Amino acid sequence: MQTSLSDISKHAVQGGQVRWALLLVVFGGLAGVLAGVSLARKWRGGTDDGNNNDAVFLRYAHHLALPWLDRLLLWRIARAAKLPTPLTLLVSSGTLHHHGRQFAAGFSASRRKRILRRLSAVQRVAFDPDPIDPGFSEPPTALPDAGPPR
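Here the structure is a predicted model, which is why all the values come from computation and not from measurement.

Student: When you look at a nonpolar patch on the surface in this model, what are you seeing that I'm missing?
Tutor: Together, Trp20, Leu23, Phe27, Leu30 and Leu34 make up a nonpolar patch on the protein surface, roughly 590 Å² of accessible area in all. With respect to the element layout, Leu30 can be found in helix α2 (residues 20–45).

Following this line, the structure appears as C-alpha cells:
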C-alpha cells in the first residue's frame, strides 16, 4: 500500500483513523534518527568524563603523519592484544615491537613480512625522529662582548 503524506494528513483531519503500523514505522524511524545523531555526537565529541584516548591517538597519529593504513594496523594490533587504546603501542618502542610481533605471528610468511615492514616504518617515525631540524639554527659559539663589568 503506497500513500502520500498529504493523503494521510487529509484522512487524519477528516476524522479517519491512521493505522497503528504506520505510526509505529514513523516513530521507529524518528527514534533511529535520534539514536544515530546521538552516536555520531558521542563518536565525534568523545565521552563526558574527559577520558577520550581514541581522539588523543588520532591526533597524535596525525601529528606523526602516519598514513591511515598504519593507523588501522595499530588499531587492529591493539584490539588483538586487548589493549584499551592503540596509543598504548606508541608509549615505547618495545611495546610496539612486542605486540606487533605477536600480531604478525598469526599470518603467512609474506603477510608477516609486510606487517613487520609497516611496523618498522611506524617505529622509525614515532621513536627515531630526525635529529636535524631544518628550522633549527646553531647558537652562536661566543657571546658578543659587552665590555667590562660595571
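Okay, back to it.
Student: What's the story with helix α4 (residues 68–80) in this structure? I'm lost.
Tutor: Two residues of an α-helix separated by three or four positions point the same way, owing to the 3.6 residues in each turn. Taking 1.5 Å per residue as the helical rise, α4 with its 13 residues ought to reach 18 Å, and the 18 Å between its terminal C-alpha atoms agrees with that figure. Where α4 terminates, the next one or two residues include Lys82, which has phi positive at roughly 60°.

Student: Would you mind showing me how to read the confidence of the model for the chain here?
Tutor: Chain-level statistics for the chain give a pLDDT mean of 80 and a share of 75% at 70 or above. Mean pLDDT in the chain bottoms out at helix α1 (residues 5–13), which sits at 71, and peaks at α4, which reaches 93. Confidence drops under a pLDDT of 50 for residues 133–140, and excluding neighbours within four residues, the segment shows zero contacts in the predicted structure.

Student: Sorry if this is basic, but what is going on with the nonpolar core here?
Tutor: It is characteristic of soluble globular proteins that their nonpolar side chains tend to be buried jointly. If you look at the biggest cluster of nonpolar residues, it comprises 18 residues, and the most contacted ones within it are Leu74, Leu89, Leu90 and Leu119. Elements supplying a minimum of two residues to this core: α3 (53–64), α4, α5 (93–104) and α6 (109–127). Residues within four places of Leu119 in sequence aside, it is in contact with Leu73, Leu74, Ile77, Leu96 and Gly100.

Student: Looking at this structure, I do not really get the side chain of Asp70. What am I missing?
Tutor: Along the chain, Asp70 falls in helix α4. When residues no more than four places from it in sequence are discounted, the contact partners of Asp70 are Arg118 and Val122.

Student: It is not clear to me how the environment of Leu116 should be interpreted in this structure. Could you clarify?
Tutor: Along the polypeptide, Leu116 turns up in helix α6. Leu116 sits twelve residues away from Ala104 along the chain, and the two C-alpha atoms are 7.0 Å apart. Not counting chain neighbours up to four residues away, the residues in contact with Leu116 comprise Gly100, Arg101 and Ala104.

Student: Would you mind showing me how to read the packing of aromatic side chains here?
Tutor: The relation between two aromatic rings is expressed through the spacing of the ring centres and the mutual angle of the planes. A full pass over the atoms with the stated rule returns two aromatic pairs. Between Phe57 and Trp75, the ring centres sit 5.5 Å apart and the planes meet at 90°, which makes this aromatic pair edge-to-face. Taken together, the residues Phe57 in helix α3 and Trp75 in helix α4 connect sequence positions 18 residues apart. Residue class for Trp75 comes out partly exposed when judged on its relative accessible area of 30%. Positioned above the aromatic ring of Phe107 is the side chain of Arg111, whose terminal nitrogen or guanidinium carbon lies 5.3 Å from the ring centre.

Student: Sorry if this is basic, but what is going on with unusual backbone geometry here?
Tutor: Most peptide bonds adopt trans geometry, and most residues besides glycine take a negative phi value. Residues other than glycine seldom take positive phi values, yet Ala65 does so here, at roughly 65°. Among the secondary structure elements, Ala65 is positioned in the loop between α3 and α4. Assessed through its relative accessible area of 59%, Ala65 is described here as exposed. Here the phi dihedral of Lys82 falls at roughly 60°; this positive angle occurs in a residue that is not glycine. Along the chain, Lys82 falls in the loop between α4 and α5. A relative accessible area of 76% means that Lys82 is categorised as exposed.

Student: I would appreciate a short explanation of the environment of Ile77 in the present structure.
Tutor: With respect to the helices and strands, the residue Ile77 is situated in helix α4. Distance from Ile77 to Leu89, taken between C-alpha atoms, is 8.6 Å for residues twelve residues apart in sequence. Dropping the residues within four chain positions of it, Ile77 is found in contact with Leu89, His99, Gly100, Phe103 and Leu119.

Parameters and conventions
Residues numbered from 1 in each chain as written. Predicted model: local features only at pLDDT ≥ 70, side-chain atom pairs only at ≥ 80, totals over all residues. Heavy atoms only, no water. Patch = residues over 30% accessible without salt bridge, like charges linked within 9 Å, V, L, I, M, F, W, Y side chains within 5 Å. Areas by Shrake-Rupley, 256 points an atom, 1.4 Å probe, with all protein chains shown as cover. Salt bridge = Lys/Arg side-chain N within 4 Å of Asp/Glu carboxyl O. Helix = DSSP H or I, 4+ residues; strand = E, 2+ residues; numbered from the N terminus. Expected span 1.5 Å × (residues − 1). pLDDT = per-residue confidence, 0-100. Contact = heavy atoms within 4.5 Å. Core = buried A, V, L, I, M, F, W, Y, C linked by side-chain atoms within 4.5 Å. Buried < 20%, exposed > 50% of the residue type's maximum accessible area, 1.4 Å probe, protein only. Phe/Tyr/Trp six-rings, centres within 6.5 Å; stacked < 30°, edge-to-face > 60°. Lys NZ or Arg CZ within 6 Å of the ring centre and 35° of its normal.

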